[in-house]
Amino acid sequence: MSPHPLAGKPAPKDLLIDASQLEAKFYESKPDPGNPNQLVSFGTSGHRGTSANGTFTEAHILAITQAICEYRSGQAINGPLFMGKDTHALSRPAERVALEVLAANSVETFIQRDDGFTPTPVISRAILAYNRSRSDGLSDGIVITPSHNPPGDGGFKYNPPNGGPADTDATGWIQNRANDLLRSGNTGVRRLSLESAIKASTTHAEDFVTPYLMDLPNVIDLEAIRSASVKIGVDPLGGAAVAYWRPLAERYGLDITVVNPNIDPAFGFMTVDHDGKIRMDCSSPWAMAGLVDLKDQFDIAFGNDPDADRHGIVVPSRGLLNPNHYLAVAIRYLLSHRPQWSTGAVVGKTLVSSCLIDRVVKSFARMLWEVPVGFKWFTPRLYDGTCCFGGEESAGASFLRRDGTVWSTDKDGIILGLLAAEITAGTGKDPGVHFQEIVGEFGMPFYTRIDAAVSSEQKNRLQKLSPEAVTATELAGEPITAKLTRAPGNDAPIGGLKVVSPSGWFAARPSGTEQIYKLYAESLKSAEHLAQIVEQAQAIVSRSIA
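Keep in mind the model is a prediction, meaning the values are calculated, not measured.

Participant: How do you make sense of the packing of helix α2 (residues 58-74) against helix α5 (residues 168-183) when you look at a structure like this?
Facilitator: Geometrically, a packed helix pair is captured by the angle between its two axes and the distance between the axes. Where α2 meets α5, the closest approach of the two axes is 8 Å, and the angle between their N-to-C directions is 130°. By the criterion of interaxial angle, the relationship of α2 to α5 is oblique. The chirality of how α2 crosses α5 is right-handed. Together, Ala 59, His 60, Ala 63, Ile 64, Gln 66, Ala 67, Ile 68, Glu 70 and Tyr 71 of α2 and Ala 170, Trp 173, Ile 174, Arg 177, Ala 178, Leu 181 and Leu 182 of α5 make up the contact between the two elements. A breakdown of the residues in the contact of α2 with α5 according to their chemical character gives twelve nonpolar, two polar and two charged.

Written as structure tokens, this is what we have:
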């Protein structure tokens, strides 16, 4: 599909949201419990929607927060709850409503002081830091963010005491209870006034910034970055990380320039994404066009999405690195520069990430751990240190502290950006040069993702497919070596299909919200070979779900 004519250009005024109108609808709109599209729906990253169509409203937040309070009680989670929000227009009203419910349920809650914003990884690290050496009175968290979604969206996600995204058991329970509350008109929700909630003895406004920054040297070699005088450019894309970079630079003597320090709920400073929408996707060359234009002014530059759980790495040698390419570079560097990491710790990737990663991991005689899409799958083994790195093709990753213990169990775009600076400092070469070295050793990856229309019935068939449904024996001229409907790393259902050959693969997964399936494909031979894989993949999928 060709990019939209506005892709990579400054957002015109007619694309900008009216933040005050969006907030008014948050309070005014009443979801219809009889409309499944307006019920609470927890995906891999919590509940998302917009007040513009009644899918993210005050009623939703009341119900979800009450359900979380009841879930905590049922699971004997009685420590403090750490709550953060990003810079989307709906995040602040959602935080206020959630605080009213948490206070009414006597949940001890910590929020960022001065009505500030908090990145997702900061909440994850705070939960883990509090719970370290504790066996009871454990903490958990809420992050109010729709991640890189357009400005009109809102999001609300729950992180249990392991610090990572809640698993399907937890989200299923919370979702079902929240929808029961919605259907009853939220009569079962406990709530105080905002004034009473803020004054409640259980509500604490504290500084989340300093503890995170003080802990950073335990995961990133900041002294190496300082000593090498690496010149760093950062674009927070108007997100929650904006308050972290200046204090970081001052504390550790780093040369960091924040090229865009603006906070604007309309995100009017953005360049338009590939489809003509404003989307703060730091892995998109169109959304990151502003920072890419500045690449030659810095030794390394990077951006984050609004909750800073994703990273986009910009290098003088190549511009914006493809997320798959940077993951391979990051893994290669870490495996050779973290001597305290256990050699038995696996390297985790989602099964739609590049097979280049497989080859890098194999070259270190390490074990690859391939899991379904969703960062939640990495959480348990990052938590206990048996997975040293977990990454996904959508530019989300985290890794262990330098001593081999857990840092965060949710994605941390801040440390992935700083790692790019450490790589540059420690080797004298930016990550783009390292990628070229990997290509010289293992071959150039050619990767694509496309969307194809399907019916609801075909989506269901794809999700429940068995390997036997694939009768093909070759993929683009090579023998098929694996037909997967369960992830090889943890045997969890992938909700689709992956087919592998010696130098290429494809995967197909149905969308959870649209009448499409997502087709991922990669070749380590050529663009022409990739085109053959895609063509044959579409034929295989069509036959298998017919």
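Participant: Just to check I follow, could you spell out the packing of aromatic side chains for this structure?
Facilitator: Any two aromatic rings considered together are summarised by their centre-to-centre distance and by the angle between their planes. A full pass over the atoms with the stated rule returns 16 aromatic pairs. The interplanar angle of 65° and the centroid separation of 6.0 Å between the aromatic rings of Phe 267 and Phe 269 together place this pair among those described as edge-to-face. A network of ring pairs unites the aromatic residues Phe 82, Phe 110, Tyr 130 and Phe 208 as a single cluster. The ring centre of Trp 505 lies 4.6 Å from the NZ or CZ of Lys 498, which sits over that ring.

Participant: Quick question: what am I supposed to make of the nonpolar core here?
Facilitator: Side chains that are nonpolar tend, in soluble globular proteins, to be buried together. Within the largest apolar cluster, 85 residues are counted, with the highest numbers of intra-cluster contacts made by Leu 216, Leu 248, Tyr 326, Phe 389, Phe 399 and Leu 419. Contact partners of Leu 248, with chain neighbours within four places excluded, come to Leu 213, Leu 216, Leu 222, Leu 254, Ile 256 and Leu 418. Core analysis: the second largest hydrophobic core is formed by 41 residues, Ala 67, Ile 77, Leu 81 and Phe 156 among them.

Participant: Which parts of the structure should I look at to understand unusual backbone geometry?
Facilitator: Across residues other than glycine, the phi torsion is negative in most instances, and most of the peptide bonds are trans. The phi angle at Phe 267 is positive, at roughly 50°, despite the residue not being glycine. One non-glycine residue, Ala 476, lies in positive phi territory at about 50°. Looking at the secondary structure, you find Ala 476 in the loop between β18 (474-475) and β19 (478-479). Owing to a relative accessible area of 11%, Ala 476 belongs among the buried residues under this scheme.

Participant: Explain the sheet that holds strand β21 (residues 493-501) to me, please; I cannot follow it from the model alone.
Facilitator: Remark on secondary structure: sheet strands pair via backbone hydrogen bonds, oriented parallel or antiparallel. If you walk across this open sheet you meet the five strands as β17-β23-β22-β21-β20, and the pairing is antiparallel. Of all strands in the sheet, those bounded by a partner on one side alone are β17 (446-453) and β20 (482-486). Between one strand axis and the next, the sheet turns through 15° on average, direction left out of account.

Participant: So what exactly am I meant to see when it comes to the pattern of salt bridges here?
Facilitator: With the rule as written, the count across this model stands at 30 salt bridges. Salt-bridge contacts for Asp 451 lead to Arg 449; the nearest nitrogen and oxygen are separated by 3.1 Å. You can call Asp 451 partly exposed: its relative accessible area is 44%.

Participant: I tried to follow the sheet that holds strand β15 (residues 387-392) on my own but got confused; where do I start?
Facilitator: Taken in spatial order, the four strands make up an open sheet running β14-β13-β15-β16, and their pairing is mixed. Bordering the open sheet on either side are β14 (368-371) and β16 (396-399), each of which pairs with just one other strand. Within the sheet, the average angular offset between the axes of one strand and its neighbour, ignoring direction, is 15°. Looking at chain direction, strand β13 (residues 346-350) and β14 are connected through four bridges and run parallel. Bridging across to β14, Thr 350 finds its partner in Val 371. Packed on one face of the sheet, helix α12 (residues 355-363) meets β13 and β14 and runs near 175° to β13.

Participant: Teacher, can you tell me more about the environment of Leu 497 here?
Facilitator: Structurally, Leu 497 is set in strand β21. Among the residues examined, Leu 497 registers a relative accessible area of 0% and is labelled buried. With 13 residues separating them in the primary sequence, Leu 497 and Pro 510 have C-alpha atoms 9.7 Å apart. If we ignore the near neighbours within four places in the chain, the residues touching Leu 497 are Leu 465, Val 470, Leu 484, Thr 485, Phe 506, Ala 507 and Ala 508.

Participant: What's the story with helix α11 (residues 323-337) in this structure? I'm lost.
Facilitator: Three or four residues apart is the spacing at which side chains of an α-helix point the same way, because the helix has 3.6 residues per turn. The terminal C-alpha atoms of α11, which comprises 15 residues, lie 21 Å apart, in line with the 21 Å expected from a rise of 1.5 Å per residue. By the criterion of burial, α11 is predominantly enclosed, with 13 of the 15 residues buried. Between the side-chain oxygen of the N-cap and the backbone nitrogen of Asn 324 there are 2.7 Å, and the N-cap of α11 in question is Asn 322.

Participant: Looking at this structure, how should I read the environment of Gln 21?
Facilitator: Note that Gln 21 resides in helix α1 (residues 19-28). Residue class for Gln 21 comes out partly exposed when judged on its relative accessible area of 46%.

About the cut-offs
The numbering scheme is per chain: residues are counted from 1 as the chain's sequence reads. Only residues with pLDDT of at least 70 get local features here, since the model is predicted, and only at 80 or more are side-chain atom pairs given and counted; chain-wide, interface and lining totals rely on the full set of residues. Working from all heavy atoms in the structure, the side-chain values ignore hydrogens and water. An axis is simply a line fitted to the C-alpha atoms; with a helix, the fit covers only the stretch in contact. Between two such axes, the angle follows the N-to-C directions and lies from 0 to 180 degrees. Numbering of helices and strands runs from the N terminus, with a helix taken as a DSSP run of H or I at least four residues long and a strand as a DSSP run of E at least two residues long. Every angle not falling under 35 degrees, over 145, or within 65 to 115 is termed oblique; those three ranges are roughly parallel, roughly antiparallel and roughly perpendicular. In a left-handed crossing the near helix is turned counterclockwise from the far helix by less than a right angle, and in a right-handed crossing that turn is clockwise. Contact criterion: two residues are considered in contact whenever any of their non-hydrogen atoms come within 4.5 Å of each other. Ten residue types, Ala, Val, Leu, Ile, Met, Phe, Trp, Tyr, Cys and Pro, are classed as nonpolar, four, Asp, Glu, Lys and Arg, as charged, and the remainder, Gly among them, as polar. Each Phe, Tyr or Trp ring, with Trp reduced to its six-membered ring, pairs with another whose centre is within 6.5 Å; inter-plane angles below 30 degrees give stacked pairs, above 60 give edge-to-face pairs, and intermediate values give tilted ones. Only when the NZ of Lys or the CZ of Arg is both within 6 Å of the ring centre and within 35 degrees of the ring normal is a charge said to sit over the ring. Take the buried residues of types Ala, Val, Leu, Ile, Met, Phe, Trp, Tyr and Cys, join any two whose side-chain atoms come within 4.5 Å, and each joined set is a nonpolar core. Any residue under 20% of the maximum accessible area for its type is buried, any over 50% is exposed, and the rest in between are partly exposed; the area is computed with a 1.4 Å probe on protein chains only. Two strands form a pair only when DSSP identifies at least two bridges running between them. Here, a salt bridge means any Lys or Arg side-chain nitrogen found within 4 Å of an Asp or Glu carboxyl oxygen. Multiplying 1.5 Å by the helix residue count minus one yields the expected span of that helix. Here a polar contact means two N or O atoms within 3.5 Å. Within protein one must be a hydrogen donor candidate and the other an acceptor candidate, and residues neighboring in sequence count only if both atoms are side-chain atoms.

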